[in-house]
Amino acid sequence: MPRLPYSASSRAFSHLAQIHPELTAFRRDLHANPELGFEEKYTAARVSEALRLCGVDEIHQGIGKTGVVGVIRGHKHGSGRMIGLRADMDALPITEQGNCSWRSGKQGLMHACGHDGHTAMLVGAARYLAETRNFDGTAVLIFQPGEEGYAGAREMIQDGLFERFPVDSVYAMHNWPAMRQGMIGINPGAMMAAADRIQINITGKGGHGAHPYQTNDVVLASAHLITAIQSIVSRNVRAIDSAVISICAVQSGDLAAFSVTPGSSTLVGTVRTFNPDVQNMVERRLGELCQALGLAFGVNAQLQYERSYPATINTPEEALFAGDVASELVGEALVVRDMDPSMGAEDFSFMLQQKPGAYLRLGQAVGDDIIPLHNNRYDFNDDVLPLGAALHAGIVERGMPLALG
């Protein structure tokens, strides 16, 4: 068995390192067969079969449409404790440009965020936990569909996930290309931002470009609004808080109609925040700017503000615990306990709104050639599969320890 390019120490890691080739083959099969949210039929079937072969006690399919839940009971379960571990399964609508032999076999779809690796790590943890059962309680393994914009976590919750499996706490991890492999990151608060979608529909009066005085120009109004929106973060958000407002698309007029002033314009963008008070303020100020735009330019501007994913906020006690598990695995020097939060979003946030828990980052970078998430050349680093699986297993074993004697 090839030596892994980082060091880790635990009984679980040693066990999982022995099956590294099997985990790699499983991950690469998922990579070659990507599926979008709520379409993960092949993936769910592969996961269910893997759990059956692992010898888990229960397998539940179809939770949140295509979600799968596995249940493993420890040698003892008198403690009544129950811990949830979650992995996302879906892919992205991106055409893969990598040259690996396991590249996507589906045009326009690929695992560009590493959910294939997340799934494989949790399957690895399932195998170890089912074989050893060195804990007092119940491990609930949650294979979630539809993280990429489909709110699959919310779908599973609404489908009775936590009523059927009333975990005391829940944990998840995400690979992080900007962090060196063998390192683990966490913090006791915000890990990922809330993600909101905004659309502003502006209507005015179109006309001839040679006679703009006869129009209510929506292009001019749009340009002023885009500039004004950037004043919200710079002038309404405290410097010690964080917010991002990005207008990412503008659609107005016809490129072939060079002398026609259009009568409508649409702006689409995103808002990212951590603090609900800041989120509320941003929504209010956007509405006020749209109203003022109408008065200034004689147009009508209607704001549609959609709250998509809430912020992913770790609970302090569970974050400290998860950091301690990571420290036992890789050593304190390789655990970043004050990880900078990301303005990206994650629907594990819905689970953390329901249960205490923590979201970790698992480093996977090798050298200086960092290929980011959602890039068409991205691939999960298979070398970290045993480490992530051992981290999952350690959370269960340390969180529900068997009593001595």
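Our subject is the structure that appears above.
So, here's what we can say about the structure. Computed from a predicted model, the values in this text were never measured in an experiment.

1. Considering the sheet that holds strand 16 (residues 357-365)
Spatial strand order, 1-2-4-3-5-16-6-15: eight strands in an open sheet with mixed pairing. Edge positions in the open sheet fall to strand 1 (58-63) and strand 15 (335-336), since each of these has one partner strand only. Where helix 4 (residues 115-132) meets the sheet, it contacts strand 2 (67-73), strand 3 (82-88), strand 4 (138-144), strand 5 (169-180) and strand 16, and its direction lies at approximately 145° from that of strand 3. Contacts from helix 9 (residues 316-330) reach strand 5, strand 6 (184-185), strand 15 and strand 16 within the one sheet, and its direction differs from that of strand 16 by about 35°.

2. A short note on helix 1 (residues 11-18)
Along helix 1, the residues classified as buried are Ala 12, Phe 13, Leu 16 and Ala 17. Here the buried residues of helix 1 occupy an arc of 130° about the axis, which is enough to place them on one side. What points out from helix 1, more than 90 degrees from its buried face, is the exposed set Arg 11 and Gln 18. Summarising the contacts, the buried residues of helix 1 are in contact with helix 2 (20-32), helix 4, helix 9 and helix 11 (385-399).

3. Some thoughts on helix 3 (residues 41-54)
Compared with an ideal rise of 1.5 Å per residue, which puts 14 residues at 20 Å, helix 3 spans 20 Å between its outermost C-alpha atoms and is within 8% of the ideal. Contacts from the buried residues of helix 3 go to helix 2, strand 1, strand 2, helix 4 and strand 4.

4. Some points on the packing of aromatic side chains
Summed over the entire model, instances satisfying the criterion amount to five aromatic pairs. Note on Phe 38 and Tyr 150: the rings are 5.8 Å apart at their centroids and 75° apart in plane angle, and the pair reads as edge-to-face. With Phe 38 in the loop between helix 2 and helix 3 and Tyr 150 in the loop between strand 4 and helix 5 (152-158), this pair connects stretches of sequence that are 112 residues apart. Under the relative-accessibility criterion, Phe 38 is labelled buried at 18%. In this structure Tyr 150 comes out as partly exposed when scored by relative accessible area, which is 36%. The ring of Phe 38 carries Lys 65 above its face, with NZ or CZ at 4.5 Å from the centroid.

5. Some points on the side chain of Thr 312
Note that Thr 312 resides in strand 14 (residues 312-313). From its side chain, Thr 312 meets the backbone oxygen of Glu 346 in a polar contact 3.2 Å long. Excluding anything up to four places from it in sequence, Thr 312 contacts Gly 189, Ala 190, Met 191, Met 192, Glu 346, Ser 349, Leu 352 and Tyr 359.

6. Digging into the pattern of salt bridges
Per the stated rule, a full pass over the model turns up 22 salt bridges. For Asp 347, the salt bridge is made with Arg 86, and the minimal N-O distance between the two is 2.9 Å. Highlighted residues: Asp 347 in the loop between strand 15 and helix 10 (348-354) and Arg 86 in strand 3, separated in sequence by 261 residues. For the pair Asp 347 and Arg 86, one class covers both residues: buried. A salt bridge links Glu 283 to Arg 307, with the nearest nitrogen and oxygen atoms 2.7 Å apart. Of the two residues, Glu 283 is situated in helix 8 (residues 276-297) and Arg 307 in strand 13 (residues 300-309); the sequence distance between them amounts to 24 residues. On the accessibility criterion, Glu 283 (27% relative accessible area) is partly exposed. Three or more residues joined by partner-sharing salt bridges are found here, namely Arg 27, Arg 28, Asp 116, Asp 379 and Asp 382.

Conventions we followed
Residues numbered from 1 in each chain as written. Predicted model: local features only at pLDDT ≥ 70, side-chain atom pairs only at ≥ 80, totals over all residues. Heavy atoms only, no water. Pairing = 2+ DSSP bridges. Helix = DSSP H or I, 4+ residues; strand = E, 2+ residues; numbered from the N terminus. Contact = heavy atoms within 4.5 Å. Axes fitted to C-alpha atoms, helices over the stretch in contact; angles between N-to-C directions. Buried < 20%, exposed > 50% of the residue type's maximum accessible area, 1.4 Å probe, protein only. Arc of directions from axis to C-beta. Expected span 1.5 Å × (residues − 1). Phe/Tyr/Trp six-rings, centres within 6.5 Å; stacked < 30°, edge-to-face > 60°. Lys NZ or Arg CZ within 6 Å of the ring centre and 35° of its normal. Polar contact = N/O pair within 3.5 Å; in protein donor to acceptor, adjacent residues only side chain to side chain. Salt bridge = Lys/Arg side-chain N within 4 Å of Asp/Glu carboxyl O.

Shape is all these values report; function is a separate question.
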